[in-house]
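Structure at a glance
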Amino acid sequence: MPKGSDLLVAALENEGVDRIFGVPGEENLDVVESLRTSSIKLILTRHEQGAAFMAATYGRLTGKPGVCITTLGPGALNLTTGAAYSFLGAMPMVMLTGQKGIMSSRQARFQIVDVVTAFRPLTKMSRQIVSSSSIPTLVRDAFRIAMEERPGPVLLELPEDVAGEACEEVAMVAQHPIEIPVAHRAALDRAAEMILQAKRPLIMLGAAASRPRSTAGIGGFVRRTKIPYFNTQMGKGTVPGGSNLYMGTAALSERDYVHEAVDRADLIIAIGHDTVEKPPFIMGPKGPQVIHVSYMPANVELVYFPQCEVVGDVGPSLELLADRVEGRLHNAGALLSLREGILSRIADRATEDRWPPTPQRIVHDVRRVIPEDGIVALDNGMYKIWFARNYRTYVANTLLLDNALATMGAGLPSAMMAAMLYPERRVMAVCGDGGFMMNSQEMETAVRLKLNLVVLILEDSAYGMIRWKQAVDNFPDFGLTFGNPDFVKYADSYGARGSRVESTDDLIPALERAFKSGGVHLVAVPIDYTENTRVLIDELREKLKTVDEPAT
């Protein structure tokens, strides 16, 4: 007779699961044994947080839930940051956790935490499995809920006695397609009328525009309307960054060069905007009208309160909207005259030969070695703003950054997942020395899996973004610096290859050597963050002063 763990694994196979990430414990041993004889690969990680980041990134890149597994108590609680990363970033994921027996336990309260309740604020669903006969139904429901808009994480807790008990065969629940309705005709007509009346329209592409199922319809809408566009940090790549309609990326909330176009627009068509992202622009009473186009209604916030909503399956809804306005937009390109000035100022000093290299130079050189379909996964730090601002994307989901939870430690696991899914592409993790060390133990996992992966470490021996903000706010320089290991020896100790860049001109050759030789490589380079103040404070302050000066 099968046991509960056999039904769980069969239900996962029924969902098409091909790999599970995690660190099992004593309470999962029946599940581990069932996995051993299944078609599913168990990928052992060195920390549960890394497993969650990998599973969430699987969901982000494929649109199907990634799966991770941990034991009870301390192992399960190590998933909380990954759960929040998935929840805020709208990445479908299924977390499987163990628990002591619920019928009886000889270990009393040892290691027992109410995991199901603890995860409710961080998930779309958090349930304990109390009967083996319910497993196929609960697993099917978990995957359906994880994938439904808005996507996110779910948690299923399987107690060890339910996992190990013999049970009758239970039929699996077949998957069935669920189509998202298109937007209502009245909403499409209302939006079309606003677009036709606009004198200076602008499109904004947000995080939900990067869903794997979204990008074709969105690109078609931009091409058919010929309205220039900008994107949020998590919306990069939705429409080819080489397009002559691209105006830039909102790496800051206001006053950056792209906001010259935003501030002059009288209508912004916000496609897939999710207010979990740091605001790409701030609405006010005298600002432009905003049309919200997304799978879900807008969250009305102090900085975001659209006047029109087009809610439904984004791609098909935009096709219907384009049908209503194509060929009739005489003012579509009114803001395009600003494009060259915005992009040229963002690219300023990108090839400056300074040592240590500036963020602009590092972004420029990384773009040179990464093909159009290559993937760069960022950890969280000061460099994220520079990559968002300066790194041009040509394919959706080729710059993986987190502008929702904005957690440190996710860059390396996310890049590892991309390298597993796309072994034929160049994949690079870009991490600060602070964020890298939070999950650096997964270097062993990457080597064990024989991944082809380059990890670029930007060294400033500090939690650089917070240290910079400390200086901007005129606080003393205190409490945010640290020492680093010898990263070259550190990489070597894991069986990876380490190298250090000794001059600015050597960065591109070092990265090329790493990619061409294959395997896991770590490349360390110092970074000069003095540009933060010059560009992001002083230069933009001068720009604002010029804008505010009365005309003479």
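Computed from a predicted model, the values in this text were never measured in an experiment.

Take the pattern of salt bridges next. Going through the model one piece at a time under the given rule, you end up with 28 salt bridges. Put simply, R354 and E531 hold a salt bridge, and the shortest N to O gap is 3.3 Å. Placement of R354 in the loop between α13 (339-346) and α14 (359-369) and of E531 in helix α22 (residues 531-548) is noted, with a sequence separation of 177 residues between them. Residue classification places R354 among the partly exposed residues on the basis of a relative accessible area of 21%. Residue R361 is joined to D365 by a salt bridge in which the shortest nitrogen-to-oxygen separation is 3.0 Å. Of this pair, R361 and D365 both sit in helix α14, separated by four residues, roughly a single helical turn. Three or more residues joined by partner-sharing salt bridges are found here, namely E352, R354, D528, E531, R534 and E539.

Attention now moves to the packing of aromatic side chains. All chains considered together, the criterion is met by seven aromatic pairs. Three or more aromatic residues joined by ring pairs make a cluster, and in this case those are F436, F487, Y490 and Y494. In this structure, R425 is placed above the aromatic ring of Y422, and the distance from its NZ or CZ to the ring centre is 4.1 Å.

A word on the side chain of Q360. Tracing the chain through its elements places Q360 in helix α14. Sequence-distant contacts of Q360, defined by excluding residues within four places in its chain, comprise D348, R349, A350, W386, N390, E531, R534 and V535.

To continue, consider the sheet that holds strand β13 (residues 375-378). Taken in spatial order, the six strands make up an open sheet running β14-β13-β15-β16-β18-β17, and their pairing is parallel. One side of each edge strand has no neighbouring strand; the edge strands of this open sheet are β14 (399-400) and β17 (497-500). Here helix α15 (residues 382-390) sits on the sheet and contacts β13, β14, β15 (427-432) and β16 (453-459); the angle it forms with β15, its principal contact strand, is near 135°.

Let us look at the layout of surface pockets. Empty space within the largest pocket amounts to approximately 870 Å³. If you trace the largest pocket, you find 40 residues lining it, with G63, K64, M147, E148 and R213 closest to the centre. Only β1 (19-23), α3 (48-62), β3 (66-70) and α7 (135-147) provide two or more residues apiece to the lining of the largest pocket. Residues belonging to the lining of the largest pocket are distributed by class as follows: 17 nonpolar, 10 polar and 13 charged. In this structure, the second largest pocket encloses a volume near 650 Å³. For the lining of the second largest pocket, the secondary structure elements donating two or more residues are α15, α19 (464-472) and α22.

Analysis parameters
- For every chain, the first residue of the written sequence is number 1, and numbering continues from 1 onward in sequence order.
- Only residues with pLDDT of at least 70 get local features here, since the model is predicted, and only at 80 or more are side-chain atom pairs given and counted; chain-wide, interface and lining totals rely on the full set of residues.
- As a rule here, side-chain values come from all non-hydrogen atoms in the structure, and water together with hydrogens is ignored.
- Criterion for a salt bridge: a side-chain nitrogen of Lys or Arg within 4 Å of a carboxyl oxygen of Asp or Glu.
- To qualify as a helix, a DSSP run of H or I must reach at least 4 residues; to qualify as a strand, a run of E must reach at least 2; elements of each kind are numbered from the N terminus.
- Note on classification: 1.4 Å probe, protein chains only; a residue is buried when its accessible area is under 20% of the maximum for its type, exposed when over 50%, partly exposed between these limits.
- Two rings belonging to Phe, Tyr or Trp (six-membered ring only in the last case) form a pair when the distance between their centres is within 6.5 Å. Interplanar angles under 30 degrees mark stacking, angles over 60 mark edge-to-face geometry, and anything in between is tilted.
- Two thresholds decide whether a charge sits over a ring: the Lys NZ or Arg CZ must be within 6 Å of the ring centre and within 35 degrees of the ring normal.
- Only heavy atoms matter for contacts: two residues are in contact if any of them lie within 4.5 Å across the pair.
- Should DSSP find at least two bridges between two strands, the strands are taken to pair.
- Throughout, an axis means a line fitted to C-alpha atoms (over the contacting stretch in the case of helices), and angles, computed between N-to-C directions, take values from 0 to 180 degrees.
- In this analysis the probe radius is 1.4 Å and the grid spacing 1 Å, with only protein atoms considered; a cavity is a set of points the probe fits into but cannot get out of, a pocket is an open set with protein on both sides within 12 Å along at least five of seven lines, and lining residues have an atom within 4 Å of a point.
- Grid points are joined across faces, edges and corners, and a volume is the space filled by probe spheres set on the points.
- Three classes are used: nonpolar for Ala, Val, Leu, Ile, Met, Phe, Trp, Tyr, Cys and Pro, charged for Asp, Glu, Lys and Arg, and polar for all others, with Gly counted as polar.

Don't take any of this as a statement about function, it's just geometry.
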